[in-house]
Amino acid sequence: MSFLEIRSLAKVFPDGTRAVKGVDLQVQAGEFIVLLGPSGCGKTTTLRMIAGLERPSYGSVFLDGGDVTCLRPAQRDIGFVFQFYALYPHMTVRENLLFPLENTGVPPDQRENMVRTTARQMGIGSLLGRHPGRLSGGDQQKVSLARAMIREPRLWLMDEPLGTIDADRRIELREWVRERQLEARVTTLYVTHDQEEAMSLADRVVVMNDGEIDQVGSPTAVYDDPASLFTADFVGSPGMNLLDGEIRTGPAGSLFLPDGSHVEIPLAAAARAGRAVLGIRGEFVRPDENGPISGTVVMNEYQGSFRCIHLDIGSNGPIVMRTPPDCSFGLDDRVRASLIPEHVRLFDPGTGRRL
Amino acid sequence: MSGPFLQVSGLTRSFGPIKALDAVAIDAAHDELLVVLGPTGAGKTTLLRTIAGLETPDAGRIAMQGRDILDLDPAQRDVALVFQNFSLYPNWSVRKNLEFPLKAPGRNLDRRQIVERVAWAASVLRIADLLDRDVTSLSGGQMQRVAIGRAIVRKPRMFLMDEPLTNLDAKLREALRVELVSLRRSLAVPMIFVTHDQAEALSMADRIAVLDRGRILQVGTPEQVYQNPVSTAVARQLGQPKINLIRVACENGMWIVGGQPAFQARHDARTARIIGIRPENFHITGGRHPAVVRVVEEMGPCRILLAEWLGEPIHIIAPQSAAVRPGDTIYPDPDPAAVLAWDR
């Protein structure tokens with residue numbers, strides 16, 4: 001049995017809303033799992049059921065071999081990290097960090113040691129004697145996170161802990177959360193709607209949509225091999241290029257014909273003829289004088305280390321091509337491009353799943 | 001017409017001891033999207049409000065099409081301001097919200113013209129099917145479309161946008177920034193767009209003005225400010241993850257970092273005391289000094305490494321194909337041509 005197992009977990013709220021519709025998940029000890037999805041997808045409700053803050057309508061939660069479904073939160077040995085942590089203003093940083101260690105099994109003489117070690121690892125060692133009111137906003141946030149993560153329980157459950165942080169500081173703080181987790185190896189479930197945060201933190205990402213798990217996989221897997229149109233679009237910035245069209249199969253192999261154009265895109269492997277959606281990441285669309293795709297540049301988004309060139313190719317929405325920053329296409333230029341065949345993904349337009 | 005459309009010079013505004021604007025000088029061309037980029041408190045909103053006529057400056061000049069406008073009230077300036085928090089009339093329909101600016105005193109549009117203008121704005125912003133909905137029933141993205149519709153419907157001389165995409169979720173923000181750029185281009189009306197989001201600034205701007213603590217630090221195309229920032233303050237405002245800034249000395253043609261020769265110095269920058277290396281300008285092999293990887297972050301097309309190098313934490317953008325894990329040792333090799341250097 002895995003360290004954490006969730007079986008057929010479901011939640012129906014009194015008003016009839018089916019927030020979570022039967023979720024199964026197995027988590028190994030020490031893993032960092034991110035539950036990712038848009039608001040209303042059921043990710044927070046799932047986390048709250050694991051925490052014991054919400055009673056499941058159906059299903060069970062096993063932690064470290066034991067059924068904890070009916071245990072109160074305090075009996076589960078779980079640490080929560082929320083978006084807002086109030087620090088005690090009358091206590092020093094040291095006292096704020098000591099606080100969560102009271103009433104734990106940690107002997108008093110070891111607590112000071114833990115505070116110093118954690119503070120040093122988290123880069124706030126020099127702040128221990130200060131009061132929170134004297135700290136910058138970013139340092140306060142670090143102290144708050146340190147206070148939440150000083151104890152090493154069986155599980156850390158985090159609900160958008162960086163949600164209110166400036167974009168500017170977010171990278172720093174998420175790296176800091178990850179480094180602390182790698183060091184403590186506490187099994188972690190982290191909820192976010194931010195796909196970049198999910199990709200950057202997770203060992204495995206659990207993509208949720210409409211109360212169900214859409215896909216579970218490594219960040220690379222959900223990005224490269226999305227199981228559905230939903231994940232293909234939701235993961236990545238921008239999401240995957242998706243073209244409606246039709247697959248035709250002949251003696252020379254299979255071709256994809258996007259709707260409303262006279263383009264024929266060769267496919268790497270034989271595929272069954274019929275309606276399909278072709279998906280391709282922007283970095284696998286390459287400028288190519290002999291490429292089958294021809295479009296007009298309608299937008300050139302410079303991003304410093306790369307560019308996104310938007311090509312209008314007719315009735316399908318523009319194709320976004322990710323290029324090096326020195327690419328010199330201008331607005332209204334006609335550009336020919338090809339798709340790298342082994343990176344083409346095909347989806348069933350009816351079910352939205354991969355073909 | 002000669003000269004820029006908008007000319008701002010010496011614009012100063014204090015609130016008590018704080019100089020929100022300190023001798024700000026910028027201009028915007030007739031068909032230009034100028035992004036003002038700066039952190040919270042930089043003075044961005046005060047600048048927009050002063051141009052719109054909602055604030056009076058302590059000193060300075062604002063001219064539009066060559067004419068001084070400081071003595072004009074906001075309505076006479078004929079600029080449209082769009083805010084972060086939508087600012088629509090709740091419990092009014094979308095149509096009524098769009099009609100409102102056209103019914104202002106002095107507009108003198110007849111009923112038919114108003115209907116035509118509203119239909120035009122609604123079709124441009126693809127909200128025609130929402131016209132009879134109550135605005136409070138709309139999603140955030142729909143509301144911001146209506147707010148933009150309300151700005152374009154009266155065909156102002158200029159658009160002023162105060163972080164209009166900030167409250168929207170990431171996917172919508174990406175889509176709307178593309179739409180806004182094409183919309184402005186098709187209307188050929190100048191726009192000043194204020195944001196703290198460097199990705200928005202780089203991707204949308206014709207030119208970026210970097211503002212910090214009331215002062216303009218640099219004005220240039222996105223490529224200029226990203227590739228040739230005039231100061232470390234500008235360099236830090238652009239790029240994600242942030243540029244790696246490292247204190248150096250130069251000896252015998254080598255940069256000295258933390259007391260040891262690190263790598264070949266740029267021969268034209270030997271007096272530099274601080275260098276900047278963008279995360280994408282490293283190879284992860286071939287360098288002289290080892291670095292221990294602390295964190296690896298998947299980004300899709302690439303991965304971000306946080307590593308300890310010459311006693312400094314640095315960020316490196318590595319290709320997705322780079323098989324690197326926390327704890328691994330790499331040998332970062334900066335691209336010498338891409339190293340930026342400043343004397344302080």
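For the structure, check the block above.
The text that follows walks through the structure, step by step, so that each part is easy to find.

1. Quick notes on the overall build of chain A
Of regular secondary structure, chain A possesses 8 helices and 20 strands. Counting only C-alpha atoms and orienting by the principal axes, one finds that chain A spans roughly 75 × 45 × 35 Å. In chain A, the share of contacts with a sequence separation of at least 24, taken over all contacts with a separation of at least 6, comes to 64%. Counting only carbon and sulfur atoms, one obtains 48% of the accessible surface of chain A, whose full area is about 15400 Å². When the 38 basic and 46 acidic side-chain charges of chain A are each reduced to a single mean position, those positions are 6 Å apart.

2. Regarding the pattern of salt bridges
According to the stated counting rule, one finds 45 salt bridges over all chains in the structure shown. Between Glu112(A) and Arg94(A) there is a salt bridge; the shortest N-O distance is 2.6 Å. Separated by 18 residues along the polypeptide, Glu112(A) in helix α3 (residues 108-121) and Arg94(A) in helix α2 (residues 93-98) bring together distant segments of the chain. Look at Glu112(A) and you get partly exposed, because its relative accessible area is 25%. Overall, Arg94(A) belongs to the partly exposed group, its relative accessible area being 30%. Linking Arg112(B) and Glu116(B) is a salt bridge whose minimum nitrogen-to-oxygen distance equals 2.9 Å. With a gap of 4 residues between them, Arg112(B) and Glu116(B) both fall in helix α4 (residues 111-124), about one helical turn apart. Of the residues examined, Glu116(B) reaches a relative accessible area of 45% and is grouped as partly exposed. A single network of salt bridges, built from pairs that share partners, joins Arg13(B), Arg49(B), Glu55(B) and Asp58(B).

3. Quick word on the interface of chain A and chain B
Facing the 34 residues of chain A at the interface are 33 residues of chain B. Taken over both partners, the interface formed by chain A and chain B buries close to 2800 Å², and the fraction arising from carbon and sulfur atoms is 52%. Of the charged contacts, one joins Arg177(B) and Glu301(A) as a salt bridge, the two residues approaching to 2.9 Å between their closest N and O atoms. Linking chain A to chain B there are 13 residue pairs in polar contact (both at pLDDT 80 or more). For the side of chain A that touches chain B, the secondary structure elements donating two or more residues are α5 (167-184), α6 (195-201), α7 (219-224), α8 (229-234), β16 (293-302) and β17 (307-312) of chain A. With 8 residues, the top contributor of residues to the side of chain A that touches chain B is α5(A). Residues that form the side of chain A that touches chain B fall into these classes: 12 nonpolar, 10 polar and 12 charged.

4. Observations regarding the nonpolar core
One finds Val94(B), Ile127(B), Phe159(B), Leu180(B), Phe193(B), Ile208(B) and Leu238(B) to be the most contacted residues of the largest nonpolar core, which totals 50 residues. Ranked by the residues each element gives to this core, the list is headed by helix α5 (residues 140-152) of chain B, at 6 residues.

5. Some words on the sheet that holds strand β12 (residues 249-251) of chain B
Residues and elements named next belong to chain B. If you walk across this open sheet you meet the 3 strands as β12-β13-β14, and the pairing is antiparallel. Strand pairing shows two members of the sheet lacking a second neighbour, β12 and β14 (260-264), which therefore form its edges. Neighbour-to-neighbour, the strand axes of this sheet turn through a mean angle of 45 degrees, independent of strand direction.

6. Concerning unusual backbone geometry
Along the chain, Ser237(A) connects to Pro238(A) via a cis peptide bond; the corresponding omega equals 0 degrees. Following Gln240(B), the chain continues to Pro241(B) via a peptide bond in cis, the omega torsion being -5 degrees.

7. Comments concerning the side chain of Thr50(B)
Residues and elements named next belong to chain B. Looking at the secondary structure, you find Thr50 in helix α1 (residues 44-52). Residue Thr50 is classed as buried on the basis of its relative accessible area, which comes to 0%. Not counting chain neighbours up to four residues away, the residues in contact with Thr50 comprise Leu11, Leu21, Glu55, Pro57, Ile62 and Arg77.

8. A closer look at the side chain of Gln237(B)
Its location among the elements puts Gln237(B) in helix α9 (residues 232-237). Leave out the neighbours within four places in its chain, and Gln237(B) touches Leu37(B), Gly38(B), Pro39(B), Gln198(B), Val210(B), Leu211(B) and Asp212(B).

9. Some words on empty space enclosed by the protein
Any empty space left between the atoms is revealed when a probe the size of a water molecule rolls over them. Residue and element names in this part refer to chain A. One pass over the structure, following the stated rule, counts 1 cavity of 30 Å³ or more. In this structure, the largest cavity encloses a volume near 30 Å³. If you go around the largest cavity, the residues you meet are Asp224, Met240, Arg281, Phe284, His343 and Arg345. In the lining of the largest cavity, the residues fall into 2 nonpolar, 1 polar and 3 charged.

10. Topic: the packing of aromatic side chains
Counted by the stated rule, this structure contains 9 aromatic pairs over all chains. Arranged with centres 5.5 Å apart and planes meeting at 10 degrees, the rings of Phe230(A) and Phe234(A) form a pair that is stacked. Pair noted here: Phe230(A) and Phe234(A) are both in helix α8, with a separation of 4 residues, about one helical turn. With a centroid separation of 5.7 Å and an interplanar angle of 90 degrees, the aromatic rings of Phe282(B) and Trp309(B) are classed as edge-to-face. Of the two residues, Phe282(B) is situated in strand β16 (residues 282-283) and Trp309(B) in strand β18 (residues 302-309); the sequence distance between them amounts to 27 residues. Each of the two residues, Phe282(B) as well as Trp309(B), counts as buried.

About the thresholds
Residues numbered from 1 in each chain as written. Chains lettered and ligands numbered in written order. Predicted model: local features only at pLDDT ≥ 70, side-chain atom pairs only at ≥ 80, totals over all residues. Heavy atoms only, no water. Helix = DSSP H or I, 4+ residues; strand = E, 2+ residues; numbered from the N terminus. Contact = heavy atoms within 4.5 Å. Areas by Shrake-Rupley, 256 points an atom, 1.4 Å probe, with all protein chains shown as cover. Lys, Arg positive; Asp, Glu negative; His and termini not counted. Charge placed at Lys NZ, Arg CZ, Asp CG, Glu CD. Salt bridge = Lys/Arg side-chain N within 4 Å of Asp/Glu carboxyl O. Buried < 20%, exposed > 50% of the residue type's maximum accessible area, 1.4 Å probe, protein only. Buried area = accessible area lost by both parts, 1.4 Å probe. Polar contact = N/O pair within 3.5 Å; in protein donor to acceptor, adjacent residues only side chain to side chain. Nonpolar A, V, L, I, M, F, W, Y, C, P; charged D, E, K, R; others polar. Core = buried A, V, L, I, M, F, W, Y, C linked by side-chain atoms within 4.5 Å. Pairing = 2+ DSSP bridges. Axes fitted to C-alpha atoms, helices over the stretch in contact; angles between N-to-C directions. 1 Å grid on protein atoms, 1.4 Å probe; cavity = no way out; pocket = protein on both sides within 12 Å on 5 of 7 lines; lining within 4 Å. Points joined across faces, edges and corners; volume = space filled by probe spheres on them. Phe/Tyr/Trp six-rings, centres within 6.5 Å; stacked < 30°, edge-to-face > 60°.

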